[in-house]
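Residue-level structural notes
Here's the letter readout for the chains.
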Amino acid sequence: MTLSISLTLNGTSEVIALEDPRVTLLDLLRERLHLTGTKKGCDRGQCGACTVLLDGRRTNACLVLAVAQDGAAVTTIEGLAMGGQLHPVQQAFIEHDGFQCGFCTPGQIMSAVGLLAEGQAGDDPERVREGMSGNLCRCGAYAGITEAVLDAQARMTDDQRDAA
Amino acid sequence: MSDIALTSDAAHLRQGSSIGQPLTRRDGPLKVTGAARYAADNHPDGMLFAVLAVSSIARGRVLGLDVAAAKAHPGVVEVMTSTNRPPLAGDPEAKDSPFMFRMEVLQNDLVRYPQQPIAVVIAKTLEAATEGAFLLTPRYEAQMPRVGLDGAEVFVPDSVGVGKPSAMQHGDVEAGLGAASCRMDATYDTPAQYHNAMEPHAIVASWNGDTLSLDTPSQGMAMAQARLATLFGIRPGDIHIRSPFLGGGFGSKGLVNGPQVLGILAARLVGRPVKLVLRREQMYGPVGHRAPTRQVIRMGTDAEGGFTAIANHVRTATSTYDDFIEPAGDVAHTLYATPALATSHEAVRLDTGTPMFMRAPGEASGSIALESAVDEMAEACGMDPLAFRLKNYAEVEPASGKPFSSKALRECYAQGAARFGWWERPVRPRQMRDADGLLVGWGMGTATFPALMFAGNARATLRADGTGLVETGAHDMGQGAWTALAQVAADGLGLPLDRLEFRSGTSDLPDAGIAGGSAHMATVSTAIHKAGGEVIARLAELAMGDERSPLFGAGNMGVIARGGRLHRLDDEGRSETYAEILVRAGLSEIEGNGTGTADPAAQNAFAMHAHGAVFVEVKVDPEFGQIRATRVVGAFAAGRVINPRMVRSQYYGGMIWGVSFALHEHAVTDRRSGRIMNANLAEYHVPVNADVPSLEAILVEEHDPHVNPLGIKGVGEISITGTAGAVANAVWHATGVRVRRFPITLEALIEA
Amino acid sequence: MNTFEFLRPTTIAEAVAAAAVPGAAYHAAGTNLLDLMKGGVMRPGRLVDVNRIPGLDRIEHAADGGVRIGALVRNADLAHDALFAQRFPAVAEALLSGASAQLRNAATVGGNLLQRTRCPYFYDADSACNKRAPGTGCDARGGENRLHAVLGWSDACIATHPSDFCVPLAALGAIVEVVGRDGARDVPLNGFHRLPGHAPERETALAPGDLVVAVRLPAESAAFASHARYLKVRERTSYAFAVVSAAAALRMEDGRIAEARIALGGVALKPWRAEAAEAALADARPTEDAFRQAAEVALTEARPSGDNAFKIELARRIVARALLLAAAGTPERIPALPASPFASAPGGLVHV
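Computed from a predicted model, the values in this text were never measured in an experiment.

Moving on, we get to the interface of chain A and chain B. If you look at the interface, chain A gives 49 residues, while chain B gives 61 residues. When the two sides are added together, the surface that chain A and chain B hide from each other amounts to roughly 4,200 Å², 56% of it contributed by carbon and sulfur. Of all residues in chain A, the largest losses of buried area upon contact with chain B belong to Gln100, Arg138 and Tyr142 of chain A, amounting jointly to 20% of the total for that side. Joining chain A to chain B, the criterion identifies seven salt bridges. Residues Arg138 of chain A and Glu665 of chain B are paired through a salt bridge, measuring 2.9 Å at the closest nitrogen-oxygen approach. Elements with a minimum of two residues in the side of chain A that touches chain B: helix 1 (25-32), helix 2 (88-95), helix 3 (105-118), helix 4 (125-131) and helix 5 (142-155) of chain A.

Spelled out as structure tokens, the structure:
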């Protein structure tokens, strides 16, 4: 059976042929489209390493069936930097050392972008910590991650924040 | 500028300004854009996907696999089992050194632990391979598994850790306990824990004749080459390992493991490149873990609270087919002054995978027990825990009597206590509440970790355009080696950092030793520094012997290398650039090599450790027993700090592991099946962001002229020690309940 | 996972017909279904995707204070609907205390109701589990069961229902709207999830093909808005299932409790409505003593099913605390740590 889905992937329209309904959005990105920035940490929605923006909302790509996403917009870590310029969240992660091994980092950053667009946490560090708790970091970069999210928020305009 | 004191073998001084700078990670842009390539991100042409089928029994044998059903699944290309896997030249059961561990690579149909690989399914898609593994529907002959520290016959191992004696004794412990005014005697239990790096173990293997290309995370590429060469009967130099980035290691990626070999075998079998990635549940078996311990600690003090004896008897576990004994007792050898000290280890063999080095192996499990015991002893003496530790401060290493190469622990205690506000602490427990009525407790622990060095090599090259290149087969698993080593390299060549190219992360470069034991920075930095020294020495010779050079005849006083120029030491105004020297000599480049190893004489003369003091505040709900570590302050002294930003992050990471040790991690095994029931990341808890709202690390200044030329001690593991015990002690201080079984559970506080 | 047919009906009737065959499963967000399929626990040969059926994703606030929530409404969207959070704060708080932001963004209301137990023996295909494989036994009995049920369990099954959302819904008397082969019907939430009895494989009141289309909260459930809380004890600060949880809601009149609603989570295979405890509080003053007595009543039938006797005491304590928090008044804003004992308490001391 061949199914075809249309995706807007990092701003570009793509028509993707799928011969297997089992393919998750995560495995579509990584193994078929070779967009390997999004990582697989557990494949069961328990670690957040696979976080992408799906129709603007942060989502675990490992629990999304690609075949059910016809017409969806997907933003991955590869689509965040604009014209060679790092997104404020990416820049803040570097400045605050919000990562060590870097494996959870794309998921952390996409989750942070999603969190800021949700507009619920504000500048309250506790709300940011709680809001980022769906992204595990075994290296323990949480302090830098929280600082980076708060700093990026302070620097971003309303337009930038909503443009998820 | 930082002056680097040299040891005797370098001829000339170098000065640089990179060391000590808190530079952001050089690999930062790659990591934040998703461009950093980890092993599983690779897709060579023609690649197939391999998925492991693993055992669901803990002990017994595989009677049959439904290979036909798997192969009938569309997309499945081949199934590799013990009957058809390509032969190995070497024996996976061989044990030629304590660093070699036996592995399961389908050499027979025996099952020795749950999640043991029993077949490999290779397919055109990941979906097909995964389903193929399911369809194998293994049939087993199962035997009763041996589970838990009381689950098998106890034996005394020949050695613990890596070749350390399993027992030691100094002075007369029984006499010391007998003469004591105050005593304590308690048993502490630590659980089985799994490394759970965020990146699952993975390998992409391609054969080209007898040449093997591997993308795989490795903390020890050269050692892996050697092991794989023996196993496959090929030359180490024909094995090319790329490991530019590891998604965490923590000791689980240090040695070659079964799944890696199976990936290579699968590629051999199908004649195409193969990618094999472990599923998360498969991380709980074939790639190591920290074994549980039970530690019986007895202590005695005199009337002033000075130790008269310390004893720790440890029981731990290893597998039924290999030995790795968690040396939990040894942390007592280095910390507190006592005239009598005895530690001993015994073990049981269980149907689990072989335990492996897991971040602070021995030190972490020993420290939570020792620091808890010290607090119980302090309480028995009616003393504040910090005052008690200061009273028993060791001026020489307790077990050996050796002086410390450096020990800024008093400064750690003082600075940490001041930052935390320790001296406001009431001595009695259950005295503090916050505005919401939550119980508040403050606890502390001493942190310690040996300053080890292994053996590593580096090559440095100066080029005629004035740039430098340093190459070493080092490893960055997040500790920041790519940045910090580049800083060392720049200063080692007297170059600004932007004129320095640093290459690493592949086995095609000089063997830099293993990234483990918190030894990598010390080892590789020394090698780099010496390689740079050799280059500068050669460069200086060229210049000093050439009458056209301003450095001509400067041989007696020597030269100093700084900012890409050599200056006469006796008249620094006279200098020239490296490029000028090389061009005039008609050379396109000069090269130097260096080796970093421990200095045996220094190691014999001194005890070498990094130290720290950790202070923790916990809040505990008085009715529910739910705990949150609301403040963690650690002050650490680890010699010279190459990059304080990287080091601070390492301390944070270890402190979070310490909180995790005390409160969260526990691999739960069903006693009947021997299977781990929480082999995932939902029920095996590691801390989330909200668990650690406040972390502070103080980098205490310390100079050590003995450990290595650069005075570097490792920082990757120390901050787990001290922290885990501090959390346990804080929980006691909050509640008045002394919990001795970790992780601390709700029921431990509710039922007390 | 196994390969499957993937159908995308555009009407409820089509969906029901497609899903009424053996081996079919509904797919909304798939956050529970895919996890179960990857674990080999469920292997449906046909997925019936419901995302193209119109009209299932609305939140309809009624003038009388009730609300009708379409089954496809995302957990996050419901929790952040301002009017919903204002009228049903304990439900919003429960939603926000569950899972992670990523999962809440995807998971649906219907899916939350239908999520299956987290019992590790249910998930482990090689363990005996009467729910997963009827008649094979229950390996949780005599196994690692410190987190298992203390109410409503049977020798056949000691699993618990993991939902946070369902607990305040149960307290507030929610009604589930179902459409099946025989048409539409209402099922009170209290009767929606089944206790295990002798047949733990029968988890809900649904027949094959039945589709949950909406959840309603009746008008009378809006009367509790100013005194409603959800509280959850976990083994880490966030992103963990409840060890025990409780929803408490009070309708106050002249300083006395006119009506109390209490439900517990994490203690049984369904959210546990504590009606006898509610009755004990009728016309009572909101004192700590009264709440402790009510908590005793709520747990009267509780029995340990294994190494979980501590959960009974914990459940008593959380009922009493949830009532205290409810009595103190709903905070203006859901705390930074929703449902957590570490959330700062409005109105001062609640930990005594």
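A few words on the interface of chain C and chain B. Counting residues at the interface gives 45 residues for chain C and 42 residues for chain B. Scanning the region where chain C abuts chain B turns up six salt bridges. Across the contact surface, chain C and chain B share 19 residue pairs in polar contact (both at pLDDT 80 or more). Every element with two or more residues in the side of chain C that touches chain B is listed here: helix 8 (120-123), strand 9 (228-233) and helix 13 (309-328) of chain C. Examining the composition of the side of chain C that touches chain B, we find that six residues originate from one element, helix 13 of chain C, more than from any other. Split into classes, the residues belonging to the side of chain C that touches chain B amount to 19 nonpolar, nine polar and 17 charged.

Residues and elements named next belong to chain B. In this structure, Asp434 sits in the loop between strand 21 (432-433) and strand 22 (439-450). Exposure remark for Asp434: the relative accessible area of 17% places this residue in the buried category. Within polar-contact distance, the side chain of Asp434 engages the backbone nitrogen of Asp436 at 2.9 Å.

What follows deals with helix 12 (residues 578-585) of chain B. All names here are of chain B. If you check which residues of helix 12 are buried, you get Tyr578, Ala579, Ile581 and Leu582. Down the axis, helix 12 shows its buried residues gathered within 165° of arc, on one side only. Directly beyond the C-terminal end of helix 12, a positive phi value near 70° is found at Gly586.

Before going further, it helps to examine the domain arrangement of chain A. Residues and elements named next belong to chain A. Domain annotation of chain A identifies domain 1 (3-78) and domain 2 (88-163). Taking only C-alpha atoms, the centre of domain 1 and the centre of domain 2 are 21 Å apart. Facing the 15 residues of domain 1 at the interface are 16 residues of domain 2. Buried surface at the junction of domain 1 and domain 2, summed over both partners, amounts to about 1,200 Å²; 61% is from carbon and sulfur atoms. Applying the counting criterion to the domain 1 and domain 2 interface returns one salt bridge. In this structure, the salt-bridge partner of Arg58 is Glu118, at a minimum N-O distance of 2.9 Å. Seen at the junction of domain 1 and domain 2, the total is six residue pairs in polar contact (both at pLDDT 80 or more). Broken down by element, the residue count for the side of domain 1 that touches domain 2 peaks at three residues, all from strand 3 (residues 51-54). Each residue belonging to the side of domain 1 that touches domain 2 can be placed in one class, and the counts come to five nonpolar, seven polar and three charged.

The next point concerns the pattern of salt bridges. All names here are of chain C. Under the criterion given, the structure shown has 94 salt bridges over all chains. The salt bridge involving Arg256 is made with Asp283; its shortest N-O contact spans 3.6 Å. Of this pair, Arg256 sits in strand 11 (residues 256-265) while Asp283 sits in the loop between helix 11 (275-280) and helix 12 (288-298); the two residues are 27 residues apart in sequence, bridging distant segments of the chain. For Asp283, a relative accessible area of 49% corresponds to the partly exposed category.

Conventions and cut-offs
Residues numbered from 1 in each chain as written. Chains lettered and ligands numbered in written order. Predicted model: local features only at pLDDT ≥ 70, side-chain atom pairs only at ≥ 80, totals over all residues. Heavy atoms only, no water. Contact = heavy atoms within 4.5 Å. Buried area = accessible area lost by both parts, 1.4 Å probe. Salt bridge = Lys/Arg side-chain N within 4 Å of Asp/Glu carboxyl O. Helix = DSSP H or I, 4+ residues; strand = E, 2+ residues; numbered from the N terminus. Polar contact = N/O pair within 3.5 Å; in protein donor to acceptor, adjacent residues only side chain to side chain. Nonpolar A, V, L, I, M, F, W, Y, C, P; charged D, E, K, R; others polar. Buried < 20%, exposed > 50% of the residue type's maximum accessible area, 1.4 Å probe, protein only. Arc of directions from axis to C-beta. Domains from an automatic or database assignment.

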